[in-house]
Amino acid sequence: MVDAPTNAAEFMTSPLVQENLWIVGAVIIGAIGAQALWLTVDFFRRAAHENAQRARIAELLELRLAAARTHRAEQEKKSFSWAGWRKFEVKRREFADPSSQACSFYLAPHDGKPIPAFEPGQFLTFQLAIPGQAKPAVRCYSLSDSPRSDHYRVTIKRLPARGDAPPGLASNFFHDHIGEGDLVDVRAPSGRFFLDMTHDTPVVLLAAGVGITPVLCMLNAIVDSGSSRETWFLFGVRHGDEHIMREHLDRVAREHENVHLHVCYSNPRDGVDVRGTDYHHSGYVSTELLRELLPSSNYDFYMCGPPPMMDSLTEGLLEWGVPEERVHFEKFGPAPGKPKPKPDTSAKGPPVTFKKSGRTIPWDAAFEHVWDFAAANGVEIDSGCLEGNCGSCMTAILSGEVTYADEPSFPYEKGTCLTCSCVPNGPLELDA
Ligand SMILES: Cc1cc2nc3c(=O)[nH]c(=O)nc-3n(C[C@H](O)[C@H](O)[C@H](O)COP(=O)(O)OP(=O)(O)OC[C@H]3O[C@@H](n4cnc5c(N)ncnc54)[C@H](O)[C@@H]3O)c2cc1C
């Protein structure tokens, strides 16, 4: 016991230890260094882990908040919505283009109660009692501005007489007879053509003429929400006189880096319309132009305009490799000039009975829908959009069944059908 320190001292001073002391020192320093390094690495690893966890929690909270907001909006939509017709008062009207052919109407509920929000791209359905008309005219008009708490806005283009075709009934009535303080009957917002605001993926909004209304609503909804979603807006008109909402579009593009505005004039006026000042491109909104402008085809495309424009754009986008489910469009009505079949007395389809009219006629497969078939055979059924959107042609089915090529957007009641969108699925009896 007494010798131990001496032995230790001896050991430490022994030549063997003295010779290898630097190794021992190096081992000790190495061990301390390794420990320190490990502690440092561990510190940063923990810090990174905690940061990642904090980010995940923040992300989760954001998701929960977004879900709560969506839920609240859905609840509000349900509780503030209405069935059937509701009176709205025109609070304001203003022309939206230099030629005064497109007019915006601002509508507030006459009962002063809250109105539901809507999805950008949806439309309102109007019922107008027009003097001299046997029945009210029912027409759909897209909401042209993002949701506001106290009013809706629609923008309506006057359809003039052309050749033998008379002036458009409802659009001219709106322009000539509906002013501030007037009341109109309106159905709640509906429609399946809308922008999903829960996503932030890049979009291309394409429009021509008054087809701008639903996509303008989408654009406004994007910028009003403060989103930095990449948004391309291509708008085609013939010339400057038809340039709807010009100041608004220019301001939105100027103030939002994420918005890329391209206006096309197909027929610019010599000496009046200046390229680079009034518009960006000569010609139509086309897939060729999209291919020039866009860095890729990886977008969702929303379009509204005349049927030939939408047909050629859809075809071009599909050819470019855009999946069908990313091409969305709204039609403002059946394609004009589509030849209507004549009633064929030798048709051999299942019998269709129109009970109120006392007629039973064999179904003729040349007709696209029951409504056209009825009309061609002199059976009158109310109509509005003739696209399955407004519900005007909803008719009770007394017996039999119908099929829809595309499920209509209007939520028709059980035991009824939308005659503008269905065909008989065997013998059919309708309350018409
Ligand atoms: C979902 C949806 C959204 C819409 N959004 C908008 C919008 O935001 N803004 C807008 O302006 N429009 C919009 N529309 C179109 C709108 O609903 C009407 O179809 C449009 O205003 C024309 O209605 P109208 O009563 O003036 O014309 P109609 O009287 O219905 O006539 C339509 C066309 O048929 C011709 N015509 C009528 N009768 C005859 C006849 N006997 N012989 C030959 N031709 C005839 C007319 O000359 C006219 O060109 C939308 C449509 C839908 C389905």
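Residues numbered from 1 in each chain as written. Predicted model: local features only at pLDDT ≥ 70, side-chain atom pairs only at ≥ 80, totals over all residues. Heavy atoms only, no water.

Draft legend 1. View of the side chain of Asp-273. Residue position: Asp-273 is located in the loop between strand 9 (259–265) and strand 10 (281–282). For Asp-273, the side chain forms a polar contact with the main-chain nitrogen of Gly-240, separated by 3.3 Å. Polar side-chain contacts of Asp-273 include one of 2.8 Å to the backbone nitrogen of Arg-269. Excluding residues within four positions of it along the chain, Asp-273 makes contact with His-239, Gly-240, Tyr-265, Pro-268, Asp-278 and Tyr-279. (Helix = DSSP H or I, 4+ residues; strand = E, 2+ residues; numbered from the N terminus. Polar contact = N/O pair within 3.5 Å; in protein donor to acceptor, adjacent residues only side chain to side chain. Contact = heavy atoms within 4.5 Å.)

Draft legend 2. The arrangement of the site of the ligand in detail. Near the ligand you find 22 residues, and of these Cys-140, Tyr-141, Pro-166, Ala-170 and Ser-171 are the closest. Lys-157 places a polar main-chain atom, nitrogen or oxygen, 2.8 Å from an oxygen atom of the ligand. Within the backbone of Pro-166, one N or O atom sits 2.4 Å away from an oxygen atom of the ligand. Contact with the protein chains covers 70% of the free accessible surface of the ligand, which is 970 Å². Counting residues per element, the ones that place at least two in the shell around the ligand are strand 4 (137–142), strand 5 (152–157) and helix 3 (169–177). Looking at the shell around the ligand, the element that brings in the most residues is strand 4, giving four residues. Grouping the amino acids of the shell around the ligand by side-chain chemistry returns 12 nonpolar, six polar and four charged. Taken together, domain 2 (86–190) and domain 3 (203–330) each give at least three residues to the shell around the ligand, which thus spans both. (Near = heavy atom within 4 Å. Areas by Shrake-Rupley, 256 points an atom, 1.4 Å probe, with all protein chains shown as cover. Nonpolar A, V, L, I, M, F, W, Y, C, P; charged D, E, K, R; others polar. Domains from an automatic or database assignment.)

Draft legend 3. Highlighting the nonpolar core. By size, the foremost hydrophobic cluster in this structure holds 27 residues, and its most contacted members are Phe-233 and Leu-249. Here this core takes seven residues from helix 4 (residues 212–224), the largest share from any one element. Discounting chain neighbours no more than four positions away, the residues touching Leu-249 are Ile-212, Leu-216, Leu-219, Phe-233, Phe-235, Ile-244 and Leu-261. If you look at the next biggest cluster of nonpolar residues, it comprises 26 residues, including Phe-105, Phe-118, Phe-126 and Val-184. (Core = buried A, V, L, I, M, F, W, Y, C linked by side-chain atoms within 4.5 Å. Buried < 20%, exposed > 50% of the residue type's maximum accessible area, 1.4 Å probe, protein only.)

Draft legend 4. Here's a closer look at helix 7 (residues 307–319). For helix 7, spanning 13 residues, the distance from its first C-alpha to its last is 18 Å, which sits close to the expected 18 Å at 1.5 Å a residue. Turning to helix 7, its buried residues number three or more, namely Met-309, Met-310, Leu-313, Thr-314, Gly-316 and Leu-317. Residues of helix 7 that are buried in the fold lie against strand 7 (203–208), helix 6 (287–293), strand 11 (300–304) and strand 12 (327–330). Phi turns positive, to about 100 degrees, at Gly-321, one or two residues after helix 7. (Expected span 1.5 Å × (residues − 1).)

Draft legend 5. Spotlight on the pattern of salt bridges. With the rule as written, the count across this model stands at 19 salt bridges. Its salt-bridge partner being Glu-94, residue Arg-92 comes within 2.7 Å of it at the nearest N-O pair. On the basis of relative accessibility, which here comes to 39%, the residue Arg-92 falls in the partly exposed class. A relative accessible area of 33% places Glu-94 in the partly exposed class. The salt bridge involving Asp-278 is made with Arg-246; its shortest N-O contact spans 2.9 Å. Highlighted residues: Asp-278 in the loop between strand 9 and strand 10 and Arg-246 in helix 5 (residues 246–255), separated in sequence by 32 residues. (Salt bridge = Lys/Arg side-chain N within 4 Å of Asp/Glu carboxyl O.)

Draft legend 6. Geometry of the sheet that holds strand 11. The strand order 10-9-8-7-11-12 describes an open sheet built from six strands, whose pairing is parallel. Where the open sheet ends on each side, the last strands, each with one partner, are strand 10 and strand 12. Sheet analysis places strand 7 next to strand 11, joined by five bridges and oriented parallel. Directly across from Ala-207, in strand 11, lies its bridge partner Cys-304. Sheet contacts for helix 4: strand 7, strand 8 (231–237), strand 9 and strand 11; angle to strand 7, the most-contacted strand, approximately 145 degrees. (Pairing = 2+ DSSP bridges. Axes fitted to C-alpha atoms, helices over the stretch in contact; angles between N-to-C directions.)

Draft legend 7. Geometry of the packing of aromatic side chains. For the coordinates displayed, the defined rule picks out 15 aromatic pairs. Considering the side-chain rings of Trp-82 and Phe-88, the 5.4 Å spacing of their centres and the 35 degrees angle between planes classify their relative orientation as tilted. The residues Trp-82 and Phe-88 share a single accessibility class, namely buried. Measuring from ring centre to ring centre gives 5.6 Å for Phe-367 and Phe-373, while their planes differ by 70 degrees; the resulting arrangement is edge-to-face. Across the pair, Phe-373 and Phe-367 agree in class, each one buried. Here the basic side chain of Arg-86 rests over the ring of Trp-82, its NZ or CZ set 4.8 Å away from the ring centre. The ring of Tyr-106 has Arg-92 sitting right over it, with the charged end atom 4.0 Å from the ring centre. (Phe/Tyr/Trp six-rings, centres within 6.5 Å; stacked < 30°, edge-to-face > 60°. Lys NZ or Arg CZ within 6 Å of the ring centre and 35° of its normal.)

Draft legend 8. Spotlight on a nonpolar patch on the surface. Together, Phe-11, Met-12, Leu-21, Val-24, Ile-28 and Ile-32 line one region of the surface with nonpolar side chains, adding up to about 570 Å² of accessible area. Counting residues per element, the nonpolar patch draws most heavily on helix 2 (residues 15–80), at four residues. If you trace the backbone, Ile-32 turns up in helix 2. On the basis of relative accessibility, which here comes to 56%, the residue Ile-32 falls in the exposed class. (Patch = residues over 30% accessible without salt bridge, like charges linked within 9 Å, V, L, I, M, F, W, Y side chains within 5 Å.)

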